[in-house]
Amino acid sequence: AQTVTQSQPEMSVQEAETVTLSCTYDTSESDYYLFWYKQPPSRQMILVIRQEAYKQQNATENRFSVNFQKAAKSFSLKISDSQLGDAAMYFCAYRTSNAGGTSYGKLTFGQGTILTVHP
Amino acid sequence: NAGVTQTPKFQVLKTGQSMTLQCAQDMNHEYMSWYRQDPGMGLRLIHYSVGAGITDQGEVPNGYNVSRSTTEDFPLRLLSAAPSQTSVYFCASSYNLQGEQYFGPGTRLTVT
């Protein structure tokens, strides 16, 4: 079974600074997807960024980028020019891309990291 | 599109009571799922469905039932609520097993 670990329960950053959230995962599969979700106080789960394991290029979405290290099974999220609206719980998640297995389509989540942004 | 909707937003139950959490989507998505969120544990899959009439268990299915009689609706039933089921429940859907999953706003359930 796959596992996802976020070792930083809480992180903080000054507005306009850069912060990196860590995520490691364990899998025996070679093809899969990785995600970062944001959960603000409203509780809504918002997809921030997605990475396909077969792509070597790191995904980028505006101020959000990832550092995907497949051999190390590491998937960190970098937030540049942090804004007050970035304050939220962030979840790293894994999903297999192997069709037919019982876990196909299932998202496996890490424990979450609470990000505080100081003005 | 309303996306994924969940009702109610909040609910308090007494131990032993039963209730149904409603989930509906208007995006014609085949794949729907239920997760529970507990502090320090992220979200864990309870049950999922790959289409009308087809459901299967996830990681933590005990104490919950589901059915999928239509593409749009995927209700989660608690047969006899227990304090251990106090949690925030999320419904999610995607066009297929490979598509992006869209989450509902969640239901906060407290069992006393």
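Shown above is the structure to which this text applies.
From a predicted model like this one, the values you see are computed outputs, not experimental measurements. (Residues numbered from 1 in each chain as written. Chains lettered and ligands numbered in written order. Predicted model: local features only at pLDDT ≥ 70, side-chain atom pairs only at ≥ 80, totals over all residues. Heavy atoms only, no water.)

## Some details on the pairing of strand β5 (residues 43-51) of chain B
Residue and element names in this part refer to chain B. With eight of nine residues buried, β5 is to be regarded as a mostly interior element. Pairing between strand β4 (residues 31-37) and β5: six bridges, direction antiparallel. In the strand pairing of β5, Trp-34 is matched with His-47. Counting the residues between successive antiparallel strands, the hairpin from β4 to β5 contains five residues, one of them, Gly-40, with a positive phi of roughly 75°. The pairing of β5 with strand β6 (residues 54-57) spans four bridges and is classified as antiparallel. (Buried < 20%, exposed > 50% of the residue type's maximum accessible area, 1.4 Å probe, protein only. Helix = DSSP H or I, 4+ residues; strand = E, 2+ residues; numbered from the N terminus. Pairing = 2+ DSSP bridges.)

## Observations regarding the interface of chain B and chain A
Each partner contributes residues to the interface: chain B has 25 residues there, and chain A has 17 residues. At the junction of chain B with chain A, the criterion picks out one salt bridge. Residues Lys-106 of chain A and Glu-59 of chain B are paired through a salt bridge, measuring 3.9 Å at the closest nitrogen-oxygen approach. At the junction of chain B and chain A, the tally comes to seven residue pairs in polar contact (both at pLDDT 80 or more). (Contact = heavy atoms within 4.5 Å. Salt bridge = Lys/Arg side-chain N within 4 Å of Asp/Glu carboxyl O. Polar contact = N/O pair within 3.5 Å; in protein donor to acceptor, adjacent residues only side chain to side chain.)

## Focus: the nonpolar core
One finds Tyr-25, Trp-36, Phe-75, Leu-77 and Tyr-90 of chain A to be the most contacted residues of the largest nonpolar core, which totals 25 residues. Secondary-structure elements contributing two or more residues to this core are β3 (19-21), β5 (32-39), β6 (46-52), β8 (64-69), β9 (74-79), β10 (88-96) and β12 (113-118) of chain A. Ranked by residues supplied to this core, first place goes to β10 of chain A with four residues. Those residues in contact with Tyr-25 of chain A that lie beyond four places of it in its chain are Thr-3, Val-4, Tyr-32, Leu-34, Phe-68, Gln-69, Lys-70, Lys-73, Ser-74, Phe-75 and Tyr-94 of chain A. With 20 residues, the next largest nonpolar core counts Met-19, Phe-74, Ala-81 and Cys-91 of chain B among its residues. (Core = buried A, V, L, I, M, F, W, Y, C linked by side-chain atoms within 4.5 Å.)

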